[in-house]
Amino acid sequence: MSQHFLGIEIGGTKLLIVVGDEAARIVERRRLTVDRAQGAAGIRGQIQAALLELIPAFRPEGIGVGFGGPVDWKIGQICRSHQIEGWADFKLADWLRSLVGLPVRVDNDANTATLGEAVHGAGVGFNPVFYVTLGSGVGGGLVVDGRIYHGARPGEGEIGHVRLDRNGTIIEQCCSGWAVDGKIRQLITADPHSLLAKLVGEARGGEARRLAPALQGGDAGAARILNETADDLAFGLSHVVHLLHPEVIVLGGGLALVGEPLRAAVENALCRFTMEAFAHGPPIRLAALGEDSVPVGALELAKIR
């Protein structure tokens with residue numbers, strides 16, 4: 001009889017709870033919408049209700065959690081959430097153990113996604129693996145020899161806060177999904193008759209989702225935004241390459257859904273910013289697990305004893 005494990009992803013807008021087997025294959029999932037007005041207490045209520053249903057049905061051996069914010073991974077305590085009130089200093093692992101009496105491991109969601117991609121996704125066959133998630137913010141993680149690299153508490157791998165200049169401009173301000181949304185809004189104001197402007201229409205928020213079709217249609221403004229964003233990201237990643245020299249860099253998160261144009265632009269730009277000895281690598285790959293990078297990584301966390 002196969003063993004089962006529970007993986008939980010806690011974000012600012014999404015709560016995903018999955019059941020997986022010993023190979024981290026997902027066999028059951030619950031995707032829930034976060035009500036920010038209810039705060040952390042509301043999310044905990046959603047988790048508790050789901051566990052009451054899933055635990056008796058699958059009898060899991062352990063629980064892994066990827067949390068959207070800095071975490072003290074050694075004790076499973078949340079430091080804070082930048083999006084949801086009520087998480088500061090909350091002992092999430094202790095709370096879950098008190099509910100279900102199972103082993104629990106908690107880590108930052110970017111670290112957890114890195115583990116998922118390294119073991120089951122685009123990083124398979126590479127070591128070390130560096131992962132960067134391009135969502136509403138920008139985060140990163142490093143897996144070495146199949147294990148998450150941890151620095152001093154409460155975190156590491158914060159690629160989004162790497163500075164691009166001495167004035168304090170950081171990668172997150174230039175390369176996150178929200179940053180690209182802002183660039184597109186500026187372009188629409190300057191050129192309201194462009195293809196990109198027509199694709200966005202009257203929508204406000206999530207404009208970056210229209211970047212890929214605009215690129216396919218040959219929109220010059222979309223190409224400028226892509227190249228500018230890729231250059232900034234590649235410049236920031238050049239510091240990762242010089243300090244850590246991973247065998248592969250994996251791009252994930254919503255902005256990575258732009259796909260091959262973004263991947264190729266970042267890979268081409270990275271060569272310009274790295275020293276000659278490193279000029280031919282590392283390769284840039286797109287995340288293979290899609291929205292399951294974090295929950296699959298959480299399932300791997302749950303297996304650790």
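In case you missed it, the structure is sitting above this.
Residues numbered from 1 in each chain as written. Predicted model: local features only at pLDDT ≥ 70, side-chain atom pairs only at ≥ 80, totals over all residues. Heavy atoms only, no water.

A. Examining the pattern of salt bridges more closely. Enumeration according to the criterion identifies 16 salt bridges in this entry. Two residues, Arg-29 and Asp-292, come together in a salt bridge whose shortest N-O distance is 2.9 Å. Highlighted residues: Arg-29 in strand β3 (residues 26-33) and Asp-292 in the loop between β12 (284-286) and α10 (293-303), separated in sequence by 263 residues. For Arg-29, a relative accessible area of 36% corresponds to the partly exposed category. In this structure, Glu-260 and Arg-263 form a salt bridge, with 2.8 Å as the shortest nitrogen-oxygen distance. With Glu-260 and Arg-263 both in helix α9 (residues 260-273) and three residues apart, this pair spans about one turn of that helix. Of the residues examined, Glu-260 reaches a relative accessible area of 44% and is grouped as partly exposed. Via salt bridges that share partners, Glu-9, Lys-14, Arg-29, Arg-31, Glu-291 and Asp-292 belong to a single interconnected network. (Salt bridge = Lys/Arg side-chain N within 4 Å of Asp/Glu carboxyl O. Helix = DSSP H or I, 4+ residues; strand = E, 2+ residues; numbered from the N terminus. Buried < 20%, exposed > 50% of the residue type's maximum accessible area, 1.4 Å probe, protein only.)

B. Looking closely at the sheet that holds strand β10 (residues 147-148). Strand order in the open sheet made by the five strands is β10-β9-β8-β11-β12, with mixed pairing throughout. Looking at strand neighbours, the two that pair on one side only are β10 and β12, the edges of this open sheet. Two strands pair when backbone bridges link them, and strand β8 (residues 129-134) and strand β9 (residues 138-144) are joined in this way by six bridges, in the antiparallel orientation. Within β9, the position partnered with Val-129 by the bridge is Val-143. Taken strand by strand, helix α3 (residues 109-120) contacts β8, β9, β10 and β11 (248-252), and its axis lies near 50 degrees from that of β9. Contacting β8, β9 and β11, helix α8 (residues 220-244) crosses the sheet at an angle of about 160 degrees to β8. (Pairing = 2+ DSSP bridges. Contact = heavy atoms within 4.5 Å. Axes fitted to C-alpha atoms, helices over the stretch in contact; angles between N-to-C directions.)

C. View of α8. Helix length check: α8 (25 residues) gives 35 Å between terminal C-alpha atoms against 36 Å at 1.5 Å per residue, within 8%. Phi turns positive one or two residues past the end of α8, at His-245, with a value near 45 degrees. (Expected span 1.5 Å × (residues − 1).)

D. Region of interest: the environment of Ala-118. Tracing the sequence through the fold places Ala-118 in helix α3. For the pair Ala-118 and Asp-232, spaced 114 residues apart in the sequence, the C-alpha separation amounts to 25 Å. Setting aside anything within four residues of it in sequence, one finds Ala-118 in contact with Gly-123, Val-124, Val-129 and Val-143.

E. Highlighting the packing of aromatic side chains. Using the criterion set out here, one finds four aromatic pairs in the structure. Ring geometry for Trp-87 against Phe-90: centres 5.6 Å apart, planes inclined by 70 degrees, an arrangement best described as edge-to-face. In this structure, Trp-87 and Phe-90 share a single accessibility class: buried. Chaining the aromatic ring pairs together yields one cluster made of Phe-67, Trp-87, Phe-90 and Trp-95. Directly above the aromatic system of Phe-90 lies the positively charged group of Arg-44, at a separation of 4.0 Å from the ring centroid. (Phe/Tyr/Trp six-rings, centres within 6.5 Å; stacked < 30°, edge-to-face > 60°. Lys NZ or Arg CZ within 6 Å of the ring centre and 35° of its normal.)

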